[in-house]
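Summary of the model geometry
The primary structure of each chain is shown beneath.
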Amino acid sequence: NAGVTQTPKFQVLKTGQSMTLQCAQDMNHNSMYWYRQDPGMGLRLIYYSASEGTTDKGEVPNGYNVSRLNKREFSLRLESAAPSQTSVYFCASASTDSYGYTFGSGTRLTVV
Amino acid sequence: AQKITQTQPGMFVQEKEAVTLDCTYDTSDQSYGLFWYKQPSSGEMIFLIYQGSYDEQNATEGRYSLNFQKARKSANLVISASQLGDSAMYFCAMRTNAGGTSYGKLTFGQGTILTVHP
């Protein structure tokens, strides 16, 4: 099925470990986004990429880096995981000339 | 800065009745879009309905309608004839398009948990 694919779906990290969350879309969308969801706080934007080759910070970028590898793929990296980064992470994509957003199924990350 | 406020942490409704989920927003931009998403316990984000700031009529999608009151900056979701499967978290979100520089970023509210009783 066409859409946004996130891997992994679940991950447990120890404090200080690093990991990369992968996201790929096959809808030829220009824009891609990473959000985190914490209880009682809705979804907050971490980083976004308006087009291939560009990235920019969102509301809560500290502790994260991103790479827009090509038009399809947008990865999120935690260099040194902290318990405060325990959250559910969503990748999304959108075409900038429409209102349609597609979300991935989420990655549940626990940092112990 | 844009802000979305959902003041109802939880709502209860009887099956087959209608329910309104509140959403107010704050923006100084003239062009923006308002969204509602449903998040069931399985966790995925499901798009329900969209309202553009220049749309003159309230949006409707099946049992979902958006009560858009621009002057009051509110965009309430109305679900008619509630079903047990409507039990979920509901998020209101806004995208602003100031000079084309928003790049489609969404700002979300805190969400409302809806429980439908049989």
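Here's what I pulled together on the structure shown here. (Residues numbered from 1 in each chain as written. Chains lettered and ligands numbered in written order. Predicted model: local features only at pLDDT ≥ 70, side-chain atom pairs only at ≥ 80, totals over all residues. Heavy atoms only, no water.)

This part is about the interface of chain A and chain B. Contacts between the two partners involve 16 residues from chain A and, on the opposite side, 16 residues from chain B. Buried area between chain A and chain B, summed over both chains or domains, comes out near 1,500 Å², and the portion from carbon and sulfur atoms is 63%. For the pair chain A and chain B, the number of links is zero salt bridges. The interface formed by chain A and chain B includes two residue pairs in polar contact (both at pLDDT 80 or more). The set of elements that each furnish at least two residues to the side of chain A that touches chain B consists of β4 (31–37), β5 (43–49) and β10 (101–103) of chain A. Among the elements that take part in the side of chain A that touches chain B, β4 of chain A stands out by supplying four residues, more than any other. In terms of residue class, the side of chain A that touches chain B is built from eleven nonpolar, five polar and no charged. (Contact = heavy atoms within 4.5 Å. Buried area = accessible area lost by both parts, 1.4 Å probe. Salt bridge = Lys/Arg side-chain N within 4 Å of Asp/Glu carboxyl O. Polar contact = N/O pair within 3.5 Å; in protein donor to acceptor, adjacent residues only side chain to side chain. Helix = DSSP H or I, 4+ residues; strand = E, 2+ residues; numbered from the N terminus. Nonpolar A, V, L, I, M, F, W, Y, C, P; charged D, E, K, R; others polar.)

Here we take up the pattern of salt bridges. Residue and element names in this part refer to chain A. Enumeration according to the criterion identifies five salt bridges over all chains in this entry. Arg44 serves as the salt-bridge partner of Asp38, at 2.8 Å between the closest nitrogen and oxygen. The exposure classification of Asp38 matches that of Arg44, with both residues buried. A salt bridge links Glu79 to Arg77; the shortest N-O distance between them is 3.1 Å. Glu79 sits in the partly exposed class, given a relative accessible area of 43%. (Buried < 20%, exposed > 50% of the residue type's maximum accessible area, 1.4 Å probe, protein only.)

All names here are of chain A. Of the two faces of strand β7 (residues 64–68), the one lined by Tyr64, Val66 and Arg68 is fully buried and the one lined by Asn65 and Ser67 carries no buried residue. Note that β7 and strand β8 (residues 74–78) share five bridges and pair antiparallel. Paired with Val66 across the strands is Leu76, a residue of β8. What sits between β7 and β8 in their antiparallel hairpin is a turn of five residues. (Pairing = 2+ DSSP bridges.)

Quick look at unusual backbone geometry now. Backbone torsion omega between Thr7 of chain A and Pro8 of chain A reads -5°, so that peptide bond is classified as cis. Residue position: Pro8 of chain A is located in the loop between β1 (4–7) and β2 (10–13). Phi at Lys16 of chain B is positive, roughly 80°, even though this residue is not glycine. The topology assignment puts Lys16 of chain B in the loop between β2 (10–14) and β3 (19–21). Phi is positive for Lys73 of chain B, which is not a glycine, with a value near 55°. For Lys73 of chain B, a relative accessible area of 29% corresponds to the partly exposed category.

Residues and elements named next belong to chain A. An order of β1-β3-β8-β7 is seen for the four strands of this open sheet, with the pairing classed as antiparallel. Each edge of the sheet is formed by a strand with only one pairing partner; in this case those strands are β1 and β7. Here the strands of the sheet are splayed against their neighbours by 15° on average, with no regard to which way each runs. As paired strands, β1 and strand β3 (residues 19–25) are joined by four bridges and run antiparallel to one another. The residue bridging Val4 from the neighbouring strand is Gln25, located in β3. (Axes fitted to C-alpha atoms, helices over the stretch in contact; angles between N-to-C directions.)

Let's shift gears to the environment of Ala81 of chain A. Residues and elements named next belong to chain A. With respect to the helices and strands, the residue Ala81 is situated in the loop between β8 and β9 (87–94). Along the backbone, Ala81 and Val111 are 30 residues apart, and their C-alpha atoms lie at a distance of 6.7 Å. Discounting residues that sit within four places of it in the chain, Ala81 has contacts with Leu13, Lys14, Thr15, Gly16, Gln17 and Val111.

Residues and elements named next belong to chain A. Burial analysis of β5 places seven of its seven residues in the buried class, the great majority of the element. In this structure, β4 lies alongside β5, joined through six bridges in antiparallel fashion. Among the inter-strand pairings, Tyr33 is bridged to a residue of β5, identified as Tyr48. Turn length for the β4-β5 hairpin, with the two strands adjacent in sequence and antiparallel, is five residues, and the turn residue Gly40 shows positive phi of about 75°.

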